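Residue strings, one per chain:
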Amino acid sequence: MKDITIRFIEVYNYLLEVGKVSNASDFAKKIEISTSLMNEILKGRSNVGIKPIQKTVNVFDWISLDWLIQGKGKMSEKFSFPNKPSVIKNADEEYAISHFGIPLITIDAMAGFGEGSLQVMQYDTEKYIVPEFTELNVDFMIRVKGSSMYPKYNSGDLVACKKLSIKDLFFQWNKVYVLDTEQGALIKRIKKSDTDNCIKIVSDNPSYDPFDMPLDKIYAISLVVGVIRLE
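Treat the numbers as computed from the prediction; the structure is a model and nothing was measured. (Residues numbered from 1 in each chain as written. Predicted model: local features only at pLDDT ≥ 70, side-chain atom pairs only at ≥ 80, totals over all residues. Heavy atoms only, no water.)

(A) Spatial organisation of the pairing of strand β8 (residues 198-202). The element β8 is extensively covered by neighbouring structure, given that four of its five residues are classed as buried. Looking at chain direction, strand β7 (residues 184-192) and β8 are connected through four bridges and run antiparallel. Note on β8: the bridge partner recorded for K191 is K200. Taking the residues that link successive antiparallel strands as the turn, the β7-β8 hairpin has five residues, and the phi of N197 there is positive, at about 60°. Of the pairings in the sheet, the one linking β8 to strand β9 (residues 211-214) comprises four bridges and is antiparallel in character. Note that in β9 the partner of I199 across the bridge is M213. (Buried < 20%, exposed > 50% of the residue type's maximum accessible area, 1.4 Å probe, protein only. Helix = DSSP H or I, 4+ residues; strand = E, 2+ residues; numbered from the N terminus. Pairing = 2+ DSSP bridges.)

Structure follows, in structure tokens:
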């Protein structure tokens with residue numbers, strides 16, 4: 001039981017770090033053991049029993065029972081995925097991005113985020129768990145505003161974005177990107193321009209005319225790799 005107890009303590013420390021429990025007493029109350037027993041476990045004087053482990057994975061159902069018992073897989077390997085993306089607010093950034101979902105940032109927060117200079121926790125972001133995006137290395141999602149990309153994207157849709165390095169940028173022509181520019185954040189299709197050191201910004205909605213954008217006016221860029229359509 002020693003290894004299981006060590007992993008149990010890891011779970012407690014993780015839950016404490018991401019704000020799911022406030023202290024040992026709070027955790028003990030949630031999994032229905034005494035605070036004194038919890039303290040003994042944390043001090044290495046007692047091993048955890050099966051019932052507290054079962055209660056832990058029942059209360060915090062994204063914690064993997066296989067990982068707790070056998071050390072197989074990852075701590076957060078077991079998820080309960082609803083039909084719609086679930087939301088976690090105010091989670092620790094490192095755990096939230098790697099284990100608990102994708103941050104939904106605002107248009108205003110786009111500035112700087114594309115190059116990694118902005119920390120997600122500077123904003124009250126929501127975190128979405130979207131299993132279909134796991135293998136796409138999605139870094140953030142942003143909400144579409146306006147009708148310029150209709151019918152590809154509707155206003156209110158959430159587009160999933162993968163950050164790209166502005167220094168070694170290679171455009172995939174006719175793909176949709178999110179760009180941080182001097183005109184603000186733009187969600188547009190990119191095509192090759194006839195003008196040197198420019199790209200052509202194209203809207204899917206024919207009511208919006210295309211225009212050239214100088215490359216030096218683009219401060220950050222991300223490729224759109226998926227969408228969640230909200231009815």
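(B) Examining the pairing of β7 more closely. Pairing of strand β6 (residues 176-181) with β7 involves six bridges; the strand directions are antiparallel. Within β7, the residue paired with D180 across the bridge is A185.

(C) Geometry of the pattern of salt bridges. Within this structure, the stated rule accounts for five salt bridges. The shortest N-O distance in the salt bridge between K55 and E32 comes to 3.3 Å. One end of the pair, K55, is in helix α4 (residues 50-59); the other, E32, is in the loop between α2 (24-30) and α3 (35-42), with 23 residues separating them in the sequence. For E32, a relative accessible area of 60% translates into the label exposed. In this structure, K200 engages D212 in a salt bridge whose closest nitrogen and oxygen atoms are separated by 3.4 Å. Taken together, the residues span a long stretch of sequence, with K200 in strand β8 and D212 in strand β9 at a distance of 12 residues. (Salt bridge = Lys/Arg side-chain N within 4 Å of Asp/Glu carboxyl O.)

(D) Quick look at helix α1 (residues 2-17). End to end, α1 covers 23 Å across 16 residues, agreeing with the expected 22 Å (1.5 Å per residue, within 8%). What α1 keeps buried is the set I4, T5, R7, F8, I9, V11, Y12, Y14 and L15. One or two steps after α1, the chain reaches G19, where phi turns positive at roughly 80°. (Expected span 1.5 Å × (residues − 1).)

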